[in-house]
Amino acid sequence: MGLFGFGKSDNSGKIEKLKKKATNKYGQAIERTTAMKQLRQIGTSDAFEALLERYGVNVDVTITDQDEKRELYEWLIAAGETAVEPIERYVSSHDGVYWPLKALKEIAGIERAVEGLLRALDRAETTQIRVNEHKVQLVSNLRDFPHPRVLERLKTLVKDRHDEVRMMALDGLMTYGESEAAPYVAERILDPEESARIRHVLLEQLLDLGWSLATWKEAIETSGVMPGHYKLDAAGRVVRGVR
């Protein structure tokens, strides 16, 4: 099968060997990129599945790492529909999803990309482990997909039991603006169980954004949750207090 062929290939042994070379973080860059080019030339769905594994590996030389990943992103776009299902399968079970999701959005449009992202997140949420890095990565990418379904999901994730998930969800939610996000930000600030780190990050963001928490001003001031070096002005905006 030639460049950008379709379906499964009968080159499974060759593909596996090339995948090992393409994902060897300790190998020479020329060896990785040569293997990647050969996988691209095979062009089948399983060859692209092998290529996508490159995103799960971080090479110590950051510039080289990003160059290789960016070039692979361009290959995925050039492959078009052939790459869509391999990308969706990769995103559902792997870390390193930024570039694959970006390619999926470019190839198939935001609706299908959002569907794939939320489906992967559904699956990740069924994994009960102390540190769910896959879930954290998926949530961190939600901000790049402005969509009503994403907005609603972010509103539920700001109450997640994991600090990193809540932080990523709040960060994404705040991109939708004050009217959508402020009630949820205020809720997190007021929650006595919220971590000091997340409350600090939120207050710093509010300082920069100039949003008003006037609706919740009395509750915040009487709750005692506000650190001493912050206060609300008369309009309910966060300002620096006296340490």
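Residues numbered from 1 in each chain as written. Predicted model: local features only at pLDDT ≥ 70, side-chain atom pairs only at ≥ 80, totals over all residues. Heavy atoms only, no water.

1. Considerations on the overall build of the protein
Looking only at helices and strands, the protein features 13 helices and two strands. Reported as C-alpha extents along the three principal axes, the dimensions of the protein are approximately 70 × 35 × 30 Å. In the protein, buried positions account for 44% of the 243 residues. For the protein, long-range pairs separated by at least 24 residues make up 63% of all intrachain contacts whose partners lie at least 6 apart in sequence. When the accessible surface of the protein is summed, it comes to about 12,300 Å², and 50% of that surface belongs to carbon and sulfur atoms. Taking the average place of the 36 positive charges on the side chains of the protein and the average place of its 39 negative ones, the gap between the two points comes to 3 Å. (Helix = DSSP H or I, 4+ residues; strand = E, 2+ residues; numbered from the N terminus. Buried < 20%, exposed > 50% of the residue type's maximum accessible area, 1.4 Å probe, protein only. Contact = heavy atoms within 4.5 Å. Areas by Shrake-Rupley, 256 points an atom, 1.4 Å probe, with all protein chains shown as cover. Lys, Arg positive; Asp, Glu negative; His and termini not counted. Charge placed at Lys NZ, Arg CZ, Asp CG, Glu CD.)

2. A closer look at the packing of helix α10 (residues 163–173) against helix α11 (residues 178–190)
In the contact formed by α10 and α11, the axes pass within 10 Å of each other and the chain directions differ by 150°. Of the possible angle classes, the one that applies to α10 and α11 is roughly antiparallel. Pair α10 / α11 crosses with left-handed handedness. Residues R166, L170 and L173 of α10 pack against A181, Y184, V185 and R188 of α11. Partitioned by chemical class, the residues of the contact of α10 with α11 number five nonpolar, no polar and two charged. (Axes fitted to C-alpha atoms, helices over the stretch in contact; angles between N-to-C directions. Parallel < 35°, antiparallel > 145°, perpendicular 65-115°, else oblique. Left-handed = near helix turned anticlockwise from the far one by under 90°. Nonpolar A, V, L, I, M, F, W, Y, C, P; charged D, E, K, R; others polar.)

3. Notes on the environment of I198
Along the polypeptide, I198 turns up in helix α12 (residues 196–209). Among all residues touching I198, those that are not within four sequence positions of it are D163, R166, M167 and L170.

4. Points about the environment of H147
Residue position: H147 is located in the loop between α8 (133–141) and α9 (148–157). The class of H147 is buried, set by a relative accessible area of 10%. Spatially, the C-alpha atoms of H147 and V114 are 7.8 Å apart, while their sequence positions differ by 33 residues. Engagement of the side chain of H147 in a polar contact is seen with the backbone nitrogen of R149, the distance being 3.0 Å. (Polar contact = N/O pair within 3.5 Å; in protein donor to acceptor, adjacent residues only side chain to side chain.)

5. A closer look at helix α5 (residues 81–91)
Along an α-helix, residues three or four apart share an orientation, since each turn contains 3.6 residues. Here α5 lies mainly inside the structure; eight of its eleven residues are buried. Its buried side turned inward, α5 meets α3 (45–52), α4 (62–79), α6 (98–108), α7 (110–124) and α8.

6. Examining the packing of aromatic side chains
All chains considered together, the criterion is met by two aromatic pairs. Among the aromatic side chains, those forming a connected cluster through ring pairs are Y73, Y98 and W99. Here the basic side chain of K105 rests over the ring of F145, its NZ or CZ set 5.3 Å away from the ring centre. (Phe/Tyr/Trp six-rings, centres within 6.5 Å; stacked < 30°, edge-to-face > 60°. Lys NZ or Arg CZ within 6 Å of the ring centre and 35° of its normal.)

7. Some thoughts on α11
Between its terminal C-alpha atoms α11 stretches 17 Å, which fits the 18 Å expected from 13 residues at 1.5 Å a residue. Within α11 the residues assigned to the buried category are A181, A182, V185, A186, R188 and I189. For α11, the arc enclosing every buried residue in end-on projection is 160°, short of the 170-degree limit, so these residues lie on one face. Contacts from the buried residues of α11 go to α10 and α12. (Expected span 1.5 Å × (residues − 1). Arc of directions from axis to C-beta.)

8. With respect to the pattern of salt bridges
If you walk through the whole model with that rule in mind, you get 28 salt bridges. With a closest N to O distance of 3.6 Å, E187 and K159 form a salt bridge. Here the residue E187 occupies a position in helix α11, and K159 occupies one in the loop between α9 and α10, the gap between them amounting to 28 residues. Through salt bridges with shared partners, one network takes in E81, E88, R112, E115, R119 and R149. (Salt bridge = Lys/Arg side-chain N within 4 Å of Asp/Glu carboxyl O.)

9. Thoughts on the nonpolar core
In terms of nonpolar packing, the biggest core is built from 68 residues, with L76, L142 and L206 touching the most fellow members. Per-element accounting of this core gives the leading share, seven residues, to α7. Sequence-distant contacts of L142, that is, excluding residues within four places in its chain, are made with L117, L118, L121, V150, L154 and L157. (Core = buried A, V, L, I, M, F, W, Y, C linked by side-chain atoms within 4.5 Å.)

10. So, the confidence of the model for the protein
Residues of the protein with pLDDT of at least 70 account for 93%, and the chain-wide mean is 92. Across residues 1–9 the pLDDT falls below 50, and counting only partners more than four positions away or on other chains, this stretch makes 30 contacts in the model. (pLDDT = per-residue confidence, 0-100.)

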